[in-house]
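Okay, here's what each chain looks like letter by letter:
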Amino acid sequence: MRMLSPSRRTRAAAWLTAVASGATLLATVGATTGAAPVRHAAKHYTIALIPGLTTDPFYISMGIGAEAAAKKLGVTLLWQGAPTWSVSQQTPYVAAMVSRHVNAILIAPTDVKQLIPPIRNAVKAGIPVITVDTTIADQSLLKSAITSNNFQGGEVAAKMMAQQIGGKGEVAVINTLPGISTTDARQAGFVAEMKHFPNIKIVAMEYDNDQQTTAETDAQHILLRYPGLKGIFGTNLYSAVGAAAGVEQAGKIGAVKVFGYDAEPLEVQDLQKGLLSAIVAQKPYLEGYLGVEYAVDVLEGKSVPKSVQLPNVVITRANLKANAQWIYKTHL
Ligand code: T6T
């Protein structure tokens, strides 16, 4: 079984400590260092960014982008959230930001339905809400929903996998949890695209609860049941890295093609080792940056796009160098 790297454990521990102490985790901007802001918000605003989880390089990169925009605009950004993917842990952060009367909330909701009531409370309190990455089923509550083209990402993973396995064989999906807008869309895109390949059968779809170690055991179990398996699609970084580790443990590197989502350093290492065939990278920095810009626009009475889907970048070993800018950051 592969364990978390020491750096990831240290990072997670640092976040946990900060969250437990109720610390404000990011930027008090306005700003003491760096270049002068190029544009200032009319008033001094405080904007909250509640990520899906604080320990995930995807959301850390989003936080860095949000911080850059906050600095540019001269607003205060509060980056606070739970250390693991959890509706019950995320919900109190929304309530806390409402009590704190922040000017706007950016949030990556951990469930399409269950985060509707807390978001509705924020809206009732007069706080505009924008979703970043994931979203909720009731879009009428939102000023904007910024995400990646998740369905297309799933399709492209399926297309590449089909090509690499010669258009036939058994394949599997390892996903996080049902009820998450992003990963549901990736799975749907993958399934839809595989319909074009009549000789490919999706034999298993497992959920790992956003846990790398669960994804790893899921992969091992699937391989025991389907020893001839040709491919696995891991719909986010923990699913992908876990699936790759499971394939490695089973001694099936190369025989089973693993396609993953996201672009954190562990995935890049797996790509270099040949454990992952390709990764679908998102642009979390840009999502965070745009989120803060839109929040300020909304607060200043300007219109913003109701929905934004950023394009993905497919990274393979061959084009890794050229795409180094899209690799996620692990530290703020
Ligand atoms: O894939 C991202 C994000 O887009 C998804 O909503 C949840 O998982 C990640 O944060 C990666 O772990």
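Preceding this section is the structure that the text describes.
Within each chain, residues carry numbers counting from 1 in the order of the written sequence. It should be noted that, the model being predicted, local features are given only for residues of pLDDT at least 70 and side-chain atom pairs only at 80 or more, the latter also being counted only at that level, while totals for whole chains, interfaces and linings use all residues. For side-chain calculations, the full set of non-hydrogen atoms in the structure is used, while hydrogens and water are omitted.

Draft legend 1. Spotlight on the site of the ligand. Whether a residue is near a molecule or strand depends on its heavy atoms: if one lies within 4 Å, it is near. Residues in contact with the ligand amount to 13 residues; listed here are only the nearest, Asp 56, Asp 133, Thr 182, Arg 186 and Asp 262. Polar contact criterion, stated in full: a pair of N or O atoms within 3.5 Å, where within protein one must be able to donate a hydrogen and the other to accept it, and residues adjacent in sequence count only if both atoms are side-chain atoms. In this structure, an oxygen atom belonging to the ligand sits 2.9 Å away from a side-chain N or O atom of Gln 282. Bound to the protein, the ligand loses 99% of the 310 Å² it would expose on its own. Points on a 1 Å grid, built from protein atoms alone, make a cavity when a 1.4 Å probe fits but cannot get out and make a pocket when they are open with protein on both sides within 12 Å along at least 5 of 7 lines; residues with an atom within 4 Å of a point are the lining residues. For a molecule to be placed in a cavity or pocket, more than half of its atoms must lie within 2 Å of the grid points of that cavity or pocket. Put simply, the ligand lies in the largest cavity. For the area figures, the Shrake-Rupley method with a 1.4 Å probe applies, and any residue is considered shielded solely by the protein chains shown.

Draft legend 2. Fine view of the layout of surface pockets. Reported here for the second largest pocket is a volume of approximately 190 Å³. Forming the walls of the second largest pocket are Ser 61, Ile 64, Gln 282, Lys 283, Pro 284, Tyr 285, Leu 286, Gln 325, Trp 326, Ile 327, Tyr 328 and Lys 329. Looking at the lining of the second largest pocket, the elements with two or more residues in it are helix 2 (57-73) and helix 10 (284-299). For the lining of the second largest pocket, the leading source of residues is helix 10, giving three residues. Across the lining of the second largest pocket, the residue classes break down as seven nonpolar, three polar and two charged. Grid points are joined across faces, edges and corners, and a volume is the space filled by probe spheres set on the points. Put simply, DSSP H or I for four residues or longer makes a helix, DSSP E for two residues or longer makes a strand, and each gets a number counted from the N terminus. In this classification, the charged set is Asp, Glu, Lys and Arg, the nonpolar set is Ala, Val, Leu, Ile, Met, Phe, Trp, Tyr, Cys and Pro, and all remaining amino acids, among them Gly, are polar.

Draft legend 3. Seen up close, the pairing of strand 5 (residues 144-148). A simple rule labels every residue: compare its accessible area, found with a 1.4 Å probe on the protein chains alone, to the largest value its type can have, and call it buried under 20%, exposed over 50%, or partly exposed in between. With respect to burial, strand 5 is a largely interior element, five of its five residues being buried. Strands pair, by our definition, only if DSSP identifies at least two bridges between them. The sheet contact formed by strand 4 (residues 129-132) and strand 5 spans three bridges and is parallel. Across the sheet, residue Val 132 finds its bridge partner in strand 5, namely Ile 146. With four bridges connecting them, strand 5 and strand 11 (residues 307-310) associate as parallel partners.

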